[in-house]
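Residue strings, one per chain:
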Amino acid sequence: MEGTNLTEPYLAKPTQQQLAWQDYELGMFCHFGLNTFCNHEWGEGKDSPEAFNPTELDARQWAKTAKQAGFRYVMLTAKHHDGFCLWPTNTTAYSVQSSPWRNGEGDVVRECSEACLEEGLGFGIYLSPWDRHDPRYPDEAAYDEIYCEQLTELLTGYGPLVEVWFDGAGSEGRQYDWPRIMDLVRKYQPNAIVFNMGAPTARWVGNEDGVAPYPCWNTADEARVSMFTNDMTAWLPETPDWVPAECPVPIRGNHWFWHPNDETPLRSLEELIDIYERSVGHGAMLLLNAAPDSRGLIPDAEVKRLLELGDEIKRRYGTPLAESSGSNSVSIRLEQEADIHRIVLMEQIERGERVRSYMVEAESGGEWTVIARGSAIGHKKIDRLLQPARTSHIRLTILESVGTPHIRSFSIYNTKS
C-alpha cells in the first residue's frame, strides 16, 4: 500500500482567502447586544432599547485579550435574532441610536472594528437573517430589501472583514435572496469568508461543542442549517467544492450571551485544550465565544481562562522538538533519544487535500513500531500519543494519496499534557 497514488480527474483547491483564513486557526466570538441586559439567549425582539447601556464598554479590552491569548480575529454579533442592531443603521430605530449608551450616538461595531485594527486582528460580523423584531419580516420581498441594506452598511462601513456569519437558526424553511446577498459580499468584501449560507466558503461543523469529526475533509456540498433541524442547507450552484469547517463553542456551558449571577461553570483548561486538539487538530477552525458582560467588558474569569488557553497552546505546540517536510516519506533524526508525545502534520493544501492514508513509525533498537495512523491531514492533524514514544528516529509514510502528496510540515513535540 505504501506510496500508492490514486488518480482523480478533479481535485478541489482552496482560494487564497481560504488559505489565509485556515491559517488563522483561532477566532474569538463575542455575543453582545440587548440580550446581555435582558438575561436572554434568544430575545423575542420586544425588549426596549433603553435597556442597552454598558457602563464601561471597552472593545480594546476584547481585542487585547484575543491578541494576547493567540486568537487571530474577532467575530461580533452585529445583529442577533432579536433584531437589535449594534450600529446606527438607517433601516430601523431598534438599535443603539435609541439607547442611552453614548447618548444614542455610539457604535459598537465601529469600536470593535477599530480595536481589532489597532491590535492587528481580523474582524468579522454576524448578521442574523432571522429578525424577531422587524414587522416587515413576514413579507419576504420587503425584508430582503431591509436585510440587504443592513448588510451593505456593514460591508461598506466597517471593513476590511475577514468573515461574514450567516446563522441559519430560526430560518429553517425560509427563503432569502441569497444571490443578491452574495453579490453584495463579493462586491464590497471579496476577501471575506462566508459562513454556511448562500454560497459559503466555510461551513458549520454541525455541533456547538467546538469539535470536528475525524476525518473532517475540506470538501463538502452541504451542511446542517442549524441545531434545530437535520435539514441540510440549499447552497447556491456557484458554491465552491472546497468548504472547510468552523467549530463554534461557548467558553461557559451552552451560554452564548452573558447572564447575571450565572453559575454555569467555565470550561476547564483541560476541556478547552481537548477542544482545540479536536477542532484545529482535525483541520478545522475553532471559534470560541467569550461574551462581554453588562459593563461592556469580558469578565475577569473568562479573560484568565482565555489567557491560560493561549499559554497552554504555546507550551504544547510553540516549539517543536524537530520538524521536516517532503512528499511520500518524511524522516526526522534526533541527535539523541527523546520522548515524543505529539505529532503535528500539515499538507500544502494550496495543491489540494491529497493524503488519504498515512502512518507514523518510531525506531527503537533497530525495530520500527507504528505509533500513529490516520486518513485526512488537510490543514492540520494533531496525533496525541497515549503513551510517549522514546526514539531518535521517526518517519511519516503516506500510504495512499490522490496524486503526489505535499507535506508542508511534519513536527514532533515532547511536551507532556
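Look above for the structure.
Computed from a predicted model, the values in this text were never measured in an experiment.

Engineer: Even after reading the chapter, I still don't get the overall build of the protein chain, so can you show me in this structure?
Structural biologist: Regarding its fold elements, the protein chain presents eight helices and 17 strands. Expected size for 417 residues packed as a compact globule is a radius of gyration near 22 Å; at 23 Å, the protein chain falls within 12% of this value. Counting across all 417 residues of the protein chain, residues that qualify as buried make up 59%. Taking the intrachain contacts of the protein chain between residues at least 6 apart in sequence as the baseline, contacts between residues at least 24 apart amount to 76%.

Engineer: Teacher, can you tell me more about the side chain of R316 here?
Structural biologist: Its place among the elements puts R316 in helix α8 (residues 300–317). In terms of polar contacts, R316 uses its side chain to reach the side chain of E312, at 2.7 Å. Beyond its immediate sequence surroundings of up to four residues, R316 is in contact with I273, E277, R342, Y413, T415 and S417.

Engineer: Teacher, can you tell me more about the pairing of strand β3 (residues 73–79) here?
Structural biologist: Looking along a regular strand, one sees the side chains alternate between the two faces of the sheet. By the criterion of burial, β3 is predominantly enclosed, with seven of the seven residues buried. Note that strand β2 (residues 26–30) and β3 share four bridges and pair parallel. Counterpart to G27 in the pairing with β3 is Y73. The pairing of β3 with strand β4 (residues 122–127) spans six bridges and is classified as parallel. Looking across to β4, one finds that V74 is bridged to F123. Handedness of the β3-helix α4 (residues 108–119)-β4 crossover: right-handed.

Engineer: Before we go on, may I ask you to explain the packing of aromatic side chains in this structure?
Structural biologist: Remark: the centre distance and the inter-plane angle together describe each pair of aromatic rings, the angle taken between the planes. For the structure on display, the rule yields 23 aromatic pairs. Seen from their ring centres, F37 and F52 are 5.0 Å apart, and the 70 degrees between their planes marks the pair as edge-to-face. In this pair, F37 is assigned in helix α2 (residues 34–38) and F52 in the loop between α2 and α3 (59–68), connecting sequence segments 15 residues apart. The class of F52 is buried, set by a relative accessible area of 0%.

Engineer: Quick question: what am I supposed to make of the packing of helix α7 (residues 269–279) against α8 here?
Structural biologist: Geometry of a packed helix pair, given as the angle between the helix axes and the separation of the axes. Closest axis-to-axis distance for the α7/α8 pair is 10 Å, and the angle between their directions is 55 degrees. Judged on the interaxial angle alone, α8 and α7 are oblique. By crossing handedness, the relation of α7 to α8 is classed as right-handed. Residues L269, L272, I273, Y276 and E277 of α7 form the contact with α8, whose own contacting residues are R305, E308, L309, E312, I313, R316 and Y317. The residue makeup of the contact of α7 with α8, split by class, is seven nonpolar, no polar and five charged.

Engineer: Would you mind going over empty space enclosed by the protein with me for this structure?
Structural biologist: Think of a ball as big as a water molecule: rolled over the atoms, this probe shows where empty space is left. As enumerated under the stated definition, the model contains two cavities of 30 Å³ or more in all. Taken together, the residues of the lining of the largest cavity sort by class into six nonpolar, three polar and three charged. What the second largest cavity holds in volume is close to 50 Å³. Among the residues making up the lining of the second largest cavity, the classes are represented as four nonpolar, four polar and three charged.

Procedures and definitions
- Counting starts from 1 at the beginning of each chain's written sequence and moves along it residue by residue.
- Per-residue local features of the predicted model are confined to residues with pLDDT of at least 70, and side-chain atom pairs are confined, for both listing and counting, to 80 or more; whole-chain, interface and lining totals are unaffected and use all residues.
- Computation of side-chain values: all heavy atoms of the structure, hydrogens and water removed.
- In this description a helix means any DSSP run of H or I spanning at least four residues, a strand means any run of E spanning at least two, and both kinds are numbered starting from the N terminus.
- Using C-alpha atoms as the atom set, the radius of gyration is obtained and then compared with a globule rule of 2.2 Å times the number of residues to the power 0.38.
- Relative accessibility decides the category of a residue: with a 1.4 Å probe and only protein chains considered, values under 20% of the type maximum give buried, values over 50% give exposed, and everything between is partly exposed.
- Residue contacts are defined here by distance: any two heavy atoms, one from each residue, within 4.5 Å place the two residues in contact.
- A 3.5 Å cut-off defines polar contacts: any pair of N or O atoms within that distance qualifies, except that in protein one atom must be a possible hydrogen donor and the other a possible acceptor, and neighbouring residues in sequence count only when both atoms are side-chain atoms.
- Strands are treated as partners if at least two bridges between them are detected by DSSP.
- Note on handedness: a clockwise path from strand one over the helix to strand two, with the strands aimed away from the viewer, defines a right-handed crossover.
- Between 30 and 60 degrees the pair is tilted, below 30 it is stacked and above 60 it is edge-to-face, where a pair is any two Phe, Tyr or Trp rings, Trp via its six-membered ring, whose centres lie within 6.5 Å.
- Between N-to-C directions, angles cover 0 to 180 degrees, with each direction set by a line fitted to C-alpha atoms, over the stretch in contact for helices.
- Here the word oblique covers every angle except those under 35 degrees (roughly parallel), over 145 (roughly antiparallel) and from 65 to 115 (roughly perpendicular).
- In this scheme the crossing of two helices becomes right-handed for a clockwise turn of the near helix relative to the far one and left-handed for an anticlockwise turn of less than a right angle.
- Charged means Asp, Glu, Lys or Arg here, nonpolar means Ala, Val, Leu, Ile, Met, Phe, Trp, Tyr, Cys or Pro, and polar covers whatever is left, Gly included.
- Grid points spaced at 1 Å over the protein atoms alone were grouped into cavities, where a 1.4 Å probe fits but cannot get out, and pockets, open sets with protein on both sides within 12 Å along at least five of seven lines, with lining residues defined by an atom within 4 Å of a point.
- Grid points are joined across faces, edges and corners, and a volume is the space filled by probe spheres set on the points.

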